[in-house]
Amino acid sequence: MELTGYQLFLLLMLIVWPLGITGLLVLMSRLEKYVARRTAETPEEAGIEPTSGASSDPEVKIIFGDTVVGERE
């Protein structure tokens, strides 16, 4: 059985079409979340829950070689 060009095109579309639609839906979902966060006035509206309390650890550690830069001893 030999496939014609049109049959090959249809087979390719049968495989690519669902993947393309799924990718488009994922992209639209992420874009919707991004817009919701940009237009929100409070962290709760943006879906971000603020943390309570304080941490004694810095958020970022800068490591140069084997030493941590700016760490108190």
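Residues numbered from 1 in each chain as written. Predicted model: local features only at pLDDT ≥ 70, side-chain atom pairs only at ≥ 80, totals over all residues. Heavy atoms only, no water.

Draft legend 1. A look at a negative patch on the surface. A cluster of like negative charges, contributed by Glu41, Glu44, Glu45 and Glu49, occupies part of the molecular surface. Position of Glu45 among the secondary structure elements: in the loop between helix H1 (5-39) and strand S1 (62-64). (Patch = residues over 30% accessible without salt bridge, like charges linked within 9 Å, V, L, I, M, F, W, Y side chains within 5 Å. Areas by Shrake-Rupley, 256 points an atom, 1.4 Å probe, with all protein chains shown as cover. Salt bridge = Lys/Arg side-chain N within 4 Å of Asp/Glu carboxyl O. Lys, Arg positive; Asp, Glu negative; His and termini not counted. Charge placed at Lys NZ, Arg CZ, Asp CG, Glu CD. Helix = DSSP H or I, 4+ residues; strand = E, 2+ residues; numbered from the N terminus.)

Draft legend 2. Spotlight on H1. Counted at 1.5 Å a residue, the expected span for H1 with its 35 residues is 51 Å, and the 49 Å between its end C-alpha atoms agrees. At Val16, H1 shows its largest kink, close to 30 degrees, and the proline Pro18 lies no more than four residues downstream. (Expected span 1.5 Å × (residues − 1). Bend = angle between axes of the 7 residues up to and from the residue.)

Draft legend 3. Examining the confidence of the model for the chain more closely. Per-residue pLDDT for the chain averages 84, and the proportion of residues at 70 or more is 85%. Mean pLDDT values over the elements of the chain span from 80, in strand S2 (residues 67-69), up to 94, in H1. (pLDDT = per-residue confidence, 0-100.)

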